[in-house]
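Fold and contact review
Residues per chain are reported as follows:
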Amino acid sequence: MTETAPDQPGTAPASPPLNVTALFAEAASKSGLMWVQPPGDRAWPFWHAWAEDTVYVVSGPGEQTLPWLPEEVTLVARSKDTGGRLLTVSASVREIRPDEERWAVATDALKAGRLNAAADALERWARECTVRALTPYGAPLEAPGSYDTGSGAAPVPVSEATTSTWRPWHWRGRPRRRRGNHLPDGG
């Protein structure tokens, strides 16, 4: 059996290799939302800051809610254009303490990306919150051209917030005609 060279007529040209690091950096730096999935748990959305090839995240009182994160998690970067998943990678997780050298880099990036950050945000983060560094590594678990065919949807978490037994009040009652209903006039 003879192999054909890629430059011979009738053969498809080889596609250039995918630069995963550049793709992840682009997705992480352009999108303010990412998903983290601890093993055996659902994916949690979170806002983040991207600096020095690391995803920085703050959680705690007055900030976003995230579960306890083990040393290894899965990160899902979303497309800025469509909002769909773009790239899924493994990441190592490390908590950053206020006395560490990386604290200034992490909190400066987070404060710059935080909408309406209070003047005392850094002191409050040091006192009450958890700042983590999530560093992507290895080959992608999902990337353009190799997505899982499942939807990735998770069931809605159980919550006390519900309106299943109460119907909201409507000014002048509920409309008899609704879009899609073709009731006869006057009836």
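In this text the structure is predicted, and so the values were computed from the model without any measurement.

1. A look at the overall build of the protein chain
In terms of regular secondary structure, the protein chain is built from three helices and seven strands. The secondary structure elements of the protein chain, listed N-terminal to C-terminal, are α-β-β-β-β-β-β-α-α-β. Across the protein chain, the fraction of contacts at a sequence separation of at least 24, relative to all contacts at a separation of at least 6, is 59%. Surface summary for the protein chain: the accessible area is close to 13100 Å², and the carbon and sulfur share equals 54%.

2. A few points about the pairing of strand β4 (residues 54–59)
For β4, the buried fraction is high: six of the six residues fall into the buried class. Here β4 shows a buried face lined by T54, Y56 and V58 and a second buried face lined by V55, V57 and S59. Two elements, strand β3 (residues 49–51) and β4, share three bridges in a ladder whose sense is antiparallel. Residue pairing for β4: A51 is matched across the bridge by T54. Remark: two residues form the turn of the hairpin made by β3 and β4, two consecutive strands paired antiparallel; E52 in that turn has positive phi of roughly 50°. Here β4 runs beside strand β7 (residues 130–142); their pairing, made up of five bridges, is antiparallel. Counted as the bridge partner of V58 is V131 from β7.

3. With respect to the confidence of the model for the protein chain
Mean pLDDT over the protein chain: 80, with 77% of residues reaching 70 or higher. Put simply, helix α1 (residues 20–30) is where the protein chain has its lowest mean pLDDT, 77, and β4 is where it has its highest, 93.

4. Observations concerning the side chain of E63
You can see E63 is positioned in the loop between β4 and β5 (72–78). Among the polar contacts listed, one links the side chain of E63 to the side chain of R114, at a separation of 3.0 Å. A polar side-chain atom of E63 sits 2.8 Å from a polar atom in the side chain of R124. Not counting residues within four places of it along the chain, the set of residues in contact with E63 comprises W47, V58, R114, R124, W125 and C129.

5. Topic: helix α2 (residues 102–113)
Residues spaced three or four apart along an α-helix face the same direction, because each turn holds 3.6 residues. With 12 residues, α2 should reach 16 Å at 1.5 Å per residue; the first-to-last C-alpha distance of 17 Å fits that figure. Burial in α2 covers these residues: W103, A106, T107, A109 and L110. The buried residues of α2 all sit within an arc of 160° when viewed along its axis, so they share a single face. Its buried side turned inward, α2 meets β2 (44–47), β3, β4, β6 (85–96), α3 (121–128) and β7.

6. Digging into the pairing of β5
One ladder, built from four bridges, connects strand β1 (residues 33–37) with β5; its direction is antiparallel. Within β5, the residue paired with M34 across the bridge is A77. Of the pairings in the sheet, the one linking β5 to β6 comprises seven bridges and is antiparallel in character. Pairing of L75 across the sheet is with V89, part of β6. Counting the residues between successive antiparallel strands, the hairpin from β5 to β6 contains six residues, one of them, G83, with a positive phi of roughly 80°.

7. Let's talk about the nonpolar core
Ranked by size, the top nonpolar core spans 21 residues in total, and within it F24, V36, F46, L75 and L134 carry the most contacts. For this core, the secondary-structure elements that each account for two or more residues are α1, β1, β2, β4, β5 and β6. If you tally residues by element for this core, the top one is β6, at five residues. Those residues within four positions of L75 in sequence are excluded, and the remaining contacts are F24, M34, W35, V36, F46, V55, L87, T88, V89, A91 and L134.

Here is what the cut-offs are and how they apply
- Residues numbered from 1 in each chain as written.
- Predicted model: local features only at pLDDT ≥ 70, side-chain atom pairs only at ≥ 80, totals over all residues.
- Heavy atoms only, no water.
- Helix = DSSP H or I, 4+ residues; strand = E, 2+ residues; numbered from the N terminus.
- Contact = heavy atoms within 4.5 Å.
- Areas by Shrake-Rupley, 256 points an atom, 1.4 Å probe, with all protein chains shown as cover.
- Buried < 20%, exposed > 50% of the residue type's maximum accessible area, 1.4 Å probe, protein only.
- Pairing = 2+ DSSP bridges.
- pLDDT = per-residue confidence, 0-100.
- Polar contact = N/O pair within 3.5 Å; in protein donor to acceptor, adjacent residues only side chain to side chain.
- Expected span 1.5 Å × (residues − 1).
- Arc of directions from axis to C-beta.
- Core = buried A, V, L, I, M, F, W, Y, C linked by side-chain atoms within 4.5 Å.

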